Protein chains: 2
Amino acid sequence: MTDAGRQAILRAAWRAFARQPYAAVTLRGIAADAGVSASLIVKHFGGKDQLFDVVADFSDAGELLVAAPNESLGRHAVLTLIRWRRQNDSDLLVRVVFAAGDGDERARMRDQFREQVVRAFADRLDGDDSELRAELIVAHLLGLGAMLALQKTGPAATADPELVADLYGPALQHLIDQNGHQSH
Amino acid sequence: MTDAGRQAILRAAWRAFARQPYAAVTLRGIAADAGVSASLIVKHFGGKDQLFDVVADFSDAGELLVAAPNESLGRHAVLTLIRWRRQNDSDLLVRVVFAAGDGDERARMRDQFREQVVRAFADRLDGDDSELRAELIVAHLLGLGAMLALQKTGPAATADPELVADLYGPALQHLIDQNGHQSH
């Protein structure tokens with residue numbers, strides 16, 4: 001299967017899981033939305049549970065976003081998010097917003113997001129309030145991802161990524177560097 | 001109707017519009033989700049179009065968020081968002097994320113968001129890239145709103161709002177103040 005085909009199936013799956021209770025989602029419905037057969041999905045992903053696991057997995061996103069030394073981590077994370085969107089027309093993180101609300105599967109997706117993304121940043125932080133600061137770093141990234149998804153022809157989506165990183169990266173870096181309360 | 005009843009109807013409406021194409025949404029379905037009668041919705045809001053107009057209106061949010069002088073606007077916007085969530089168990093902005101995707105009504109909601117929220121900040125900014133900076137300011141707020149909605153018992157949702165404003169507000173203020181490229 002092509003990367004584009006795989007992405008189309010995952011996007012259709014994400015839409016289905018976002019819009020319906022888990023029990024109401026069917027492979028047939030996802031297949032119809034993606035323009036493929038249900039048997040193709042089974043062949044490449046397995047069943048509905050396995051497809052959900054892929055949609056709810058943020059381990060790759062977490063690894064990509066923290067793949068830089070602390071002194072340049074804020075800028076790196078912002079540039080990674082922007083470049084991923086431009087290359088894939090999708091966002092590394094923002095699908096988690098659709099996991100707000102009731103349901104065991106949504107709670108599982110939120111928990112995985114916390115463990116795989118927020119934790120990846122928290123593990124890099126010294127000083128006070130590292131859990132809180134990590135959550136706020138990821139909040140900055142979620143917001144940028146959401147804005148790029150919403151305003152696809154807006155100034156942030158079309159500006160030079162380096163300019164956006166100049167303007168947006170310091171917010172993250174400030175939270176990464178902040179260890180003034182701790183004695184080293 | 002009580003404020004709580006009104007909020008329940010608006011939340012049910014938002015869920016319906018987020019999950020279905022506009023044409024598929026029915027007042028009957030929204031009423032069932034909200035636990036009220038369709039006639040009560042008609043009495044207080046009018047029809048489906050009017051209900052959508054309320055959900056897609058961000059003018060109050062825009063006004064609340066910019067109700068401070070520029071030198072304290074970043075902190076004000078962050079505190080306003082946090083306090084609104086704690087008082088209303090809802091978010092001023094984050095429902096716009098569900099307007100990503102296809103459909104005339106979703107596009108209209110995104111456009112209103114741009115005009116009523118991003119524009120409210122852009123009108124306050126001097127210097128270069130004011131449209132871009134305004135979009136990034138609102139991105140910061142969207143991300144915080146999304147994180148608070150997702151991690152309702154997490155550190156950001158439970159911390160002292162003043163501490164969150166200490167950590168998160170400077171990101172917005174930096175974008176508000178940034179006019180180094182312009183000669184004054």
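Residue positions are counted from 1 within each chain, in the order its sequence is given. The order in which chains are written sets their letters, starting at A; the order in which ligands are written sets their numbers, starting at 1. Per-residue local features are limited, in this predicted model, to residues with pLDDT of at least 70; the limit for side-chain atom pairs, both in listing and counting, is 80 or more; totals at the level of whole chains, interfaces and linings are taken over all residues. With hydrogens and water excluded, all non-hydrogen atoms of the structure serve as input to the side-chain values.

Asker: Lay out the overall build of chain A with the relevant residues and their values.
Answerer: Secondary structure elements are taken from DSSP: a helix is a run of H or I of four residues or more, a strand is a run of E of two residues or more, and numbering for both begins at the N terminus. Looking only at helices and strands, chain A features 10 helices and 0 strands. Ordered by position in the sequence, the α and β elements of chain A form the string α-α-α-α-α-α-α-α-α-α. The globule rule puts the C-alpha radius of gyration for 184 residues at 16 Å, and the 18 Å found for chain A is close to it. Along the three orthogonal principal directions, the C-alpha set of chain A runs to about 60 × 35 × 25 Å. When a residue's accessible area, from a 1.4 Å probe over protein chains only, is under 20% of the maximum for its type it is buried; when over 50% it is exposed; and in between it is partly exposed. Counting across all 184 residues of chain A, residues that qualify as buried make up 52%. Any two residues whose heavy atoms approach within 4.5 Å at even a single point are treated as in contact. Looking at chain A alone, contacts between residues at least 24 apart form 66% of all its contacts between residues at least 6 apart. Only the protein chains shown count as cover for residues, and all accessible areas are computed by the Shrake-Rupley method using a 1.4 Å probe. Of the roughly 8100 Å² of accessible surface on chain A, a fraction of 49% belongs to carbon and sulfur atoms. Taken over C-alpha atoms, the radius of gyration is set against a globule rule of 2.2 Å times the number of residues to the power 0.38.

Asker: Can you break down the nonpolar core residue by residue, with the values?
Answerer: Counting residues in hydrophobic clusters, the biggest one holds 138 residues, and the most contacted among them are L93(A), F113(A), F121(A), L93(B), F113(B) and F121(B). Residues contacting F113(A), with those up to four places away along its chain left out, are F58(A), L93(A), V96(A), V118(A), V138(A), L142(A), M147(B) and Q151(B). Remark: nonpolar core denotes a set of buried residues (Ala, Val, Leu, Ile, Met, Phe, Trp, Tyr, Cys) joined through side-chain atoms within 4.5 Å.

Asker: Would you mind going over the interface of chain B and chain A in detail, with residue names and values included?
Answerer: Across the contact, 43 residues belong to chain B and 42 residues belong to chain A. Summing the contributions of chain B and of chain A, the shared interface buries around 3600 Å²; its carbon and sulfur component is 73%. The term salt bridge refers to a pairing of a side-chain nitrogen on Lys or Arg with a carboxyl oxygen on Asp or Glu at a separation within 4 Å. Taken together, chain B and chain A are joined by 0 salt bridges. Side-chain atoms alone can form a polar contact between residues adjacent in sequence; in general such a contact is a pair of N or O atoms within 3.5 Å, and within protein one must be able to donate a hydrogen while the other accepts it. The tally of links from chain B across to chain A stands at 11 residue pairs in polar contact (both at pLDDT 80 or more). Listed by contribution, the elements that provide at least two residues to the side of chain B that touches chain A are helix 1 (3-19), helix 7 (104-122), helix 8 (130-150), helix 9 (155-158) and helix 10 (161-177) of chain B. The biggest single contributor to the side of chain B that touches chain A is helix 8 of chain B, with 14 residues. Looking at the side of chain B that touches chain A residue by residue, the class counts come to 29 nonpolar, 6 polar and 8 charged. Note: buried area is the sum, over both parts, of the accessible area (probe 1.4 Å) each one loses when the two are combined. Gly counts as polar in this scheme, as do all residues outside two lists: the nonpolar Ala, Val, Leu, Ile, Met, Phe, Trp, Tyr, Cys and Pro, and the charged Asp, Glu, Lys and Arg.

Asker: Describe the relation of the copies chain B and chain A, naming the residues involved and giving the relevant values.
Answerer: Superposing the two chain copies requires a rotation about an axis and a translation along that axis. When the copies are superposed, the least-squares fit draws on C-alpha atoms of residues that have pLDDT of at least 70 in both. Of the transformation superimposing chain B on chain A, the axial component is 0.0 Å and the angular component is 180°, with the fit at an RMSD of 0.0 Å. The superposition operator between the copies reduces to a two-fold rotation axis. Minimal C-alpha separation from the rotation axis in chain B is found for G143(B), amounting to 1.7 Å. A share of 98% of interface residues in chain B that are also interface residues in chain A marks the association as one of identical surfaces.

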